[in-house]
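# Coordinate inspection notes
Listed below, chain by chain, are the residues.
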Amino acid sequence: MKIAIASGKGGTGKTLVSTNLFYTLMQQDYEVTLVDCDAEEPNAQAFFSGFRIKSKRITQQVPVINTDLCTYCGKCYDYCNYNAIFFLRTRKIIHVMEELCHGCGACSIACTKGAITEKEDELGTVNTYSISKFSKIIESRMKVGVYTPVNVIKAAIKEAGQCPVVILDSPPGTSCPFIQTVSQADFVILVTEPTPFGLSDLKQSVDTLKTLSKKYGVIINKAGLGNRDVYNYLETEKIALLMEIPFDKEVASIYSKGEIYSIFNRDWQKKFKEMVDKIINNNGDSRN
């Protein structure tokens, strides 16, 4: 089973929830993998002691235009949906902007003069860390300057294989990286905060998940901050409130040190356990 932890904005506590869920399942002897899909700034591995057992380069093929063979017809430019080809017909200037290329190969098909070949371009890495006998963390890490992390995220999720329980720590927002992550999930936990920005971004996330026909529930982090508008929205839309995490200096302090809150507070470990057991048992038992 794959459980995605997501939100419409950054800073709501996705990694806080992901790492505590991962730790809780480890304590219950689940075979579990945490995939850090926030490829632009992965940090889940920093919360655990482990060692890297595998590192895989993620690449794609990008076009190379031979200007000696190019007739400057502009077909490759017309075929490129990602505006990755700069073209000035009157000046006979054509150039591939590799940082925008998605490696789809459309330009190679469009060119009938044999002027386009391909080369390998590095997008990032997928690193696998062993945390315990039955648990590991897979980290997606995008190369600086790459336009989109989607291919790196896709490779990281694939690396998790058929592990019984996979936790997907999603990138923030509701754009392509978010969709690539949650589309692979059986259940999505949306983390929000009781503020106007939190509510606005929660609504966007919910609307996106509805179009994907995904099951989801909500965790309210920093409970006690702000107002009741998020609670009223959940009641109106009949969305399950899975859990509340208090607006507490102790929680923030432990998290900021790269430590797991559930280690220090067994009551919260119990709450995380009850929540995730309910989600998993409703979709099949994954216990070893």
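Here, the structure is the one placed above.
Now for a look at the structure at hand.

Rules of the game
- Residues numbered from 1 in each chain as written.
- Predicted model: local features only at pLDDT ≥ 70, side-chain atom pairs only at ≥ 80, totals over all residues.
- Heavy atoms only, no water.
- Helix = DSSP H or I, 4+ residues; strand = E, 2+ residues; numbered from the N terminus.
- Buried < 20%, exposed > 50% of the residue type's maximum accessible area, 1.4 Å probe, protein only.
- Contact = heavy atoms within 4.5 Å.
- Areas by Shrake-Rupley, 256 points an atom, 1.4 Å probe, with all protein chains shown as cover.
- Salt bridge = Lys/Arg side-chain N within 4 Å of Asp/Glu carboxyl O.
- Core = buried A, V, L, I, M, F, W, Y, C linked by side-chain atoms within 4.5 Å.
- Polar contact = N/O pair within 3.5 Å; in protein donor to acceptor, adjacent residues only side chain to side chain.
- Pairing = 2+ DSSP bridges.

Our focus in this paragraph is the overall build of the protein chain. Check the secondary structure of the protein chain and you find ten helices and eleven strands. Based on the C-alpha atoms only, the size of the protein chain along its principal axes is roughly 70 × 45 × 35 Å. Out of the 288 residues in the protein chain, the part that is buried amounts to 51%. In the protein chain, once contacts between residues fewer than 6 apart in sequence are set aside, the share between residues at least 24 apart is 73%. As displayed, the protein chain offers around 14,400 Å² of accessible surface, 48% of which is attributable to carbon and sulfur atoms.

A few words on the pattern of salt bridges. If you walk through the whole model with that rule in mind, you get nine salt bridges. Two residues, Arg 57 and Glu 122, come together in a salt bridge whose shortest N-O distance is 3.5 Å. Separated by 65 residues along the polypeptide, Arg 57 in strand β3 (residues 51-65) and Glu 122 in strand β6 (residues 116-132) bring together distant segments of the chain. Between Lys 273 and Asp 277 there is a salt bridge; the shortest N-O distance is 2.7 Å. Of this pair, Lys 273 and Asp 277 both sit in helix α10 (residues 266-281), four residues apart, which is roughly one turn of the helix. A relative accessible area of 9% places Asp 277 in the buried class. Three or more residues joined by partner-sharing salt bridges are found here, namely Lys 9, Glu 193 and Lys 222.

Another aspect to go through is the nonpolar core. Core analysis: the largest hydrophobic core is formed by 38 residues, its most contacted members being Val 35, Leu 168, Val 188, Leu 190, Leu 202 and Leu 234. Non-local contacts of Val 188, meaning those with residues more than four positions away in its chain, are made with Ala 4, Ala 6, Val 182, Leu 209, Lys 214, Lys 215, Tyr 216 and Gly 217. Counting residues in hydrophobic clusters, the runner-up holds 37 residues, among them Tyr 30, Val 32, Val 191 and Val 276.

This brings us to helix α8 (residues 249-256). In this structure Asp 248 caps α8, since a side-chain oxygen of it lies 2.7 Å from the backbone nitrogen of Glu 250. Where α8 ends, the next residue or the one after it, Gly 258, has phi of about 75°, a positive value.

This part is about the pairing of strand β2 (residues 32-36). For β2, a buried count of five out of five residues is recorded, marking the element as mostly surrounded by other parts of the structure. Bridge count for β2 against strand β8 (residues 165-169) is five bridges, and the pairing is parallel. Within β8, the residue paired with Asp 36 across the bridge is Asp 169.

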